[in-house]
Amino acid sequence: MQALRCSEGRIAVSRGASSSFGTFSRQASNWTAATSQVSKQRTLRVFPVLRLSNIITPNSQSWLQTRRQFSSTPASRHAHLDPPRSGEERRITFIDKDSHRTTFLVADGDNLLDIAQANDIEMEGACGGSCACSTCHVIVEDEAYYEKMAEPDDDENDMLDLAFGLTETSRLGCQVKMSKELDGLVVRLPSMTRNLQASDFVTKY
Amino acid sequence: MYHPRRLQKSTPYICASCTRRLASAPARISRNYALIRPASFLGSVQSRRSSIPPQLSSSTISPNLPSSTIPHLTCNAYSTATTSRGRLRVAIIGSGPAGFYTAHRLMNKNPDVVIDMYEQLPVPYGLVRFGVAPDHPEVKNCQDTFEEVAQSPRFSYIGNVRVGYDIELSKMAPHYNAILFSYGASEDNKLDIPGEDVPGVYSARSFVGWYNGLPQFQALKPQLQAGEQAVVIGQGNVALDVARILLTPVDSLRNTDITEHALQTLSESKIRSVRVVGRRGPIQAAFTVKEARELMHIPPVAFEPIDRSLYPSDIKKLPRIQRRIAEVLLKGTEAAVGHSPKSWALDFLKAPKSMHADAGHLSSITFTKQEFPLAINQDLAYLPFNPMAIVRPTDQETTLEASVAFRSVGYKSTPLPGFSDIGVPFDKWKGIIQNDLEGRVVIGRTHPISQESVYRHVSGLYCAGWAKRGPTGVIASTMHDAFVSADVITQDWVAGKPFLNQMAGENGSTGLGWEALKKGVDSRGVRPLSWADWKTIDMAERARGKSKGKEREKFASVEQMLKVLDA
Ligand SMILES: Cc1cc2nc3c(=O)[nH]c(=O)nc-3n(C[C@H](O)[C@H](O)[C@H](O)COP(=O)(O)OP(=O)(O)OC[C@H]3O[C@@H](n4cnc5c(N)ncnc54)[C@H](O)[C@@H]3O)c2cc1C
Ligand SMILES: NC(=O)c1ccc[n+]([C@@H]2O[C@H](COP(=O)([O-])OP(=O)(O)OC[C@H]3O[C@@H](n4cnc5c(N)ncnc54)[C@H](OP(=O)(O)O)[C@@H]3O)[C@@H](O)[C@H]2O)c1
Ligand code: FES
């Protein structure tokens, strides 16, 4: 479990991958501290992941566009990621629904949901990374990378069955961890727009 | 004075093909107006946030000023869109995933929005609290997000107020710019067969509500001691939830948030066999693979092998979802029926015909056997291995013994009282609010000349979740659906479309929301609760649970919940 120090001297503990009851109830007691805590912790989300300066700078428009303005995840859910050690940076690129690409330098072992949430990429993670919701669905762009990953287990495949826009190279972000082999990975967030069929539309009246 | 008919005049009818085109346009919001002003984002968060009052009230914001004149709304961290329409005051009816995810997305994308969320119960979260099985705590983690939504100064929770009963929709409408209906489905489908109401037959909805502490069903007293065989009718995930709760050793449920009362009844249960009966085949069953797999892994419960002929010889040719379910069902359990104290089975191609009682209690259920019509003209709809295949009844019957039965054939949404007063059409046939699939409430009529069905958005009215789509879909699909509804509200707002109380482009809403309505509700003897009240109840439930090693021990009646607040 990681700890990071707030400007207020409060310690925020990042959430583990799964949500044991213990973690759950401790978060709940954090919540009662109400708005102030949430907003303060937002202050301290100094970007835990290194940004490639030639790709993203805080002043560039694309950087602004990748930001989530009302962050939905409780501060305690924003994973704290340790910066990668020099020489061991792994590159991961997210392509959002509007085809904006954002690349981050991350450390081995970070999972894609944590990376996305730590950097305000729009990925919901409704079950908090417990492999129980499919809202962290990502599509691996390059099949060669998909092949390099350990195969999804039954639990992951069961959830992928429910994912929107499932493809041959779909994975759950919360189940994929970065590693040396995955350096340079590019994933796409599926478009959430429903494919409306003409026949879907209410015509009976 | 609010007048629905005058409202209708303000927008022209849109013909069906145009509406369809609108409906198929991407729901996402154009980035052009989703941009934030760099200064407000890059400025010190400290100074930015300190200008946000912890609670907004109507006295701190004048309702209909353009947002640029409201400093703490323009400069807050949530800013995404810039409009000059003033405050977008939205009432959300229902605090389930649909309501909360819509609120979440709206606050994320629209700086003008201020939300009042109404909930009929003192406690929030809808089916996440009262539907999702107690042994699936990880599914309930979405509450983390809802919690943060509720912390926003632009959000108010109004619990214990039942819209349409404690407060009329026609009285609410003048004080809001938009109303979003996300009140879910509060009834269930019936079988309409003789004997359906004999003692010992329960709706799955009541049983699920009972073990999850839903106040409405605490008096249920399911008779689990009357015999050894339970029959569940319907093969959706709710049916499998019921089967799993009946078969899981009680000790494995003790540290979940299932009620103490339910644990006691389940520990006295004599049920040894659960048969889950469907009217079509395994390839058409509605449950998902995860739930079937879970039932294969409850030691020492055995699964009765299914008829192999219901599957094609090569299951690899099935579509992914059906293939993976087939693998699980054909593999079954290691434990064998006859050698295990408990078992479960899936019965296929049986449509319930009648239920019979013996000595005043359910004893058996008769089914009509069904068959797949032979393939006619190679029409795939008639092939048994097509997930969409339909069946027809045969003249054969079969009877199953049953000491208790659960009807699990789907939930049902109903219209709220007062819908007609504000012009909301309810499609009784589909059990949904009539909408354009994106979440705009639409009203239609037949065009006098072209005879085409034409639809018009009822300005300012929207829907999301099960009330919009019907009672199917997991939380992930409800979330996606809610996001689409939120995005169309923002789209309409930014595009300058008329909302509630707008006739000639003027914003006629008082924008006062709950502030204007509170007094009327109070005077009826209703006690509205705030988010802080819910947190008090929440803490008390957690404290009660702690001593028993549980996440929480829910209060099972509204009176108990309210009593905590008076302590
Ligand atoms: C038994 C069961 C188990 C489930 N398990 C899972 C699961 O494990 N995983 C999963 O992903 N999905 C599960 N689902 C599906 C999931 O619960 C739904 O997709 C989701 O809850 C639908 O959300 P909703 O907001 O539309 O409706 P609801 O969750 O029903 O919320 C509606 C809310 O509106 C309130 N309301 C109703 N009428 C009024 C009124 N007049 N005034 C004010 N408030 C009102 C209700 O009290 C309720 O709080 C399950 C569903 C059921 C029935
Ligand atoms: N763990 C989970 O993820 C979970 C748990 C619970 C619920 N949910 C979700 O909640 C939603 C609702 O679930 P649900 O189980 O209530 O509904 P459902 O999935 O729609 O299943 C309803 C079942 O009832 C059958 N049925 C309907 N009318 C019938 C009749 N007259 N006679 C016999 N059978 C009949 C249907 O068969 P036909 O197909 O032949 O109509 C179907 O098998 C689903 O989307 C479900 O996935 C998810
Ligand atoms: S976050 Fe729920 S499955 Fe990954």
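Bear in mind the structure is a predicted one, so any value in this text is a computation, not a measurement. (Residues numbered from 1 in each chain as written. Chains lettered and ligands numbered in written order. Predicted model: local features only at pLDDT ≥ 70, side-chain atom pairs only at ≥ 80, totals over all residues. Heavy atoms only, no water.)

Here's the deal with the site of ligand 2
Residues and elements named next belong to chain B.
So, point 1. Around ligand 2, 20 residues are found, and the nearest of them are N237, R279, R280, E291 and G473.
So, point 2. Between ligand 2 and R280 there is a distance of 2.8 Å, counted from an oxygen atom to a side-chain nitrogen or oxygen.
So, point 3. Between an oxygen atom of ligand 2 and a main-chain N or O atom of G473, the distance comes to 2.6 Å.
So, point 4. When ligand 2 is considered free in solution it has 920 Å² of accessible area, and contact with the protein chains removes 79% of it.
So, point 5. For the shell around ligand 2, the domains that each give at least three residues are domain 1 (89-186 + 413-529) and domain 2 (188-411). (Near = heavy atom within 4 Å. Polar contact = N/O pair within 3.5 Å; in protein donor to acceptor, adjacent residues only side chain to side chain. Areas by Shrake-Rupley, 256 points an atom, 1.4 Å probe, with all protein chains shown as cover. Domains from an automatic or database assignment.)

Some thoughts on the domain arrangement of chain B
When the parts of a complex come together, some accessible area is lost, and that lost area is often used as the size of the interface.
Residue and element names in this part refer to chain B.
So, point 1. As far as domains go, chain B holds domain 1 (89-186 + 413-529) and domain 2 (188-411).
So, point 2. Taking the mean C-alpha position of each, domain 1 and domain 2 sit 34 Å from one another.
So, point 3. Contact residues are listed per partner, giving 17 residues for domain 1 and 19 residues for domain 2.
So, point 4. Counting the contacts that link domain 1 with domain 2 gives 3 salt bridges.
So, point 5. Across the pair R244 and D135 runs a salt bridge whose closest N-O atoms are separated by 2.8 Å. (Contact = heavy atoms within 4.5 Å. Salt bridge = Lys/Arg side-chain N within 4 Å of Asp/Glu carboxyl O.)

Brief notes about the packing of helix α11 (residues 204-211) of chain B against helix α12 (residues 237-247) of chain B
All names here are of chain B.
So, point 1. Contact geometry for α11 and α12: axes closest at 10 Å, N-to-C directions at 50°. By the angle class used here, α11 and α12 are oblique. Between α11 and α12 the crossing geometry is left-handed. Two secondary-structure elements touch here, α11 through A204, F207, V208 and Y211 and α12 through V238, D241, V242, I245 and L246.
So, point 2. Here the contact of α11 with α12 is composed, by residue class, of 8 nonpolar, no polar and 1 charged. (Axes fitted to C-alpha atoms, helices over the stretch in contact; angles between N-to-C directions. Helix = DSSP H or I, 4+ residues; strand = E, 2+ residues; numbered from the N terminus. Parallel < 35°, antiparallel > 145°, perpendicular 65-115°, else oblique. Left-handed = near helix turned anticlockwise from the far one by under 90°. Nonpolar A, V, L, I, M, F, W, Y, C, P; charged D, E, K, R; others polar.)

Quick word on the side chain of E119 of chain B
All names here are of chain B.
So, point 1. Here E119 is to be found in the loop between β3 (113-118) and α8 (127-130).
So, point 2. Although E119 is buried, it forms no salt bridge, and the closest oppositely charged side chain is R162 at an N-O distance of 8.8 Å.
So, point 3. Apart from the residues within four sequence positions on either side, E119 is in contact with G94, S95, Y157, I158, G159, N160 and V161. (Buried < 20%, exposed > 50% of the residue type's maximum accessible area, 1.4 Å probe, protein only. Lys, Arg positive; Asp, Glu negative; His and termini not counted.)

Notes on the UniProt feature "domain: FAD/NAD(P)-binding" (unreviewed entry) in chain B
So, point 1. The UniProt record marks residues 89-246 of chain B with the feature "domain: FAD/NAD(P)-binding" (unreviewed entry), using the residue numbering of this structure.
So, point 2. Summarising residues 89-246 of chain B: 31% helix, 18% strand, and an end-to-end C-alpha distance of 45 Å. (UniProt positions renumbered as here; feature names shortened; annotations may be inferred.)

Remarks on the environment of R254 of chain B
Residues and elements named next belong to chain B.
So, point 1. For R254, the position within the fold is in the loop between α13 (250-253) and α14 (260-267).
So, point 2. Given the relative accessible area of 37%, R254 is considered partly exposed.
So, point 3. C-alpha separation for the pair R254 and K548, spaced 294 residues apart in sequence, amounts to 8.3 Å.
So, point 4. Discounting chain neighbours no more than four positions away, the residues touching R254 are L263 and K550.
So, point 5. Here the side chain of R254 touches D251 through a polar contact of 2.8 Å, side chain to side chain.

Re unusual backbone geometry
With the exception of glycine, the majority of residues adopt a negative phi angle, and the majority of peptide bonds are in the trans configuration.
So, point 1. Following P299 of chain B, the chain continues to P300 of chain B via a peptide bond in cis, the omega torsion being 0°.
So, point 2. By secondary structure assignment, the location of P300 of chain B is in the loop between α15 (289-296) and β10 (301-303).
So, point 3. Even without being a glycine, S99 of chain A presents a positive backbone phi close to 65°.
So, point 4. On the secondary structure map, S99 of chain A appears in the loop between β4 (90-95) and β5 (101-106).
So, point 5. Relative accessible area serves as the criterion here: at 55%, S99 of chain A is assigned to the exposed category.

A closer look at the site of ligand 1
Residue and element names in this part refer to chain B.
So, point 1. Around ligand 1 sit 32 residues in total, of which E119, W466, G473, I475 and T478 are the nearest.
So, point 2. Here ligand 1 has 1000 Å² of accessible area as a free molecule, and 93% of this is covered by the chains.
So, point 3. Looking at the shell around ligand 1, the elements with two or more residues in it are α7 (97-109), α12 and α19 (475-494).
So, point 4. Its residues placed into classes, the shell around ligand 1 shows 17 nonpolar, 12 polar and 3 charged.

Details of the pairing of strand β8 (residues 229-233) of chain B
Residues and elements named next belong to chain B.
So, point 1. Of all 5 residues in β8, 5 are buried, a share of seventy percent or more.
So, point 2. Across the two faces of β8 the burial is the same, with Q229, V231 and I233 and A230 and V232 all buried.
So, point 3. The pairing of β8 with strand β9 (residues 273-277) spans 5 bridges and is classified as parallel. Paired with V231 across the strands is R275, a residue of β9.
So, point 4. Here β8 runs beside strand β15 (residues 404-407); their pairing, made up of 4 bridges, is parallel. The partner of V231 across the bridge, within β15, is A405. (Pairing = 2+ DSSP bridges.)

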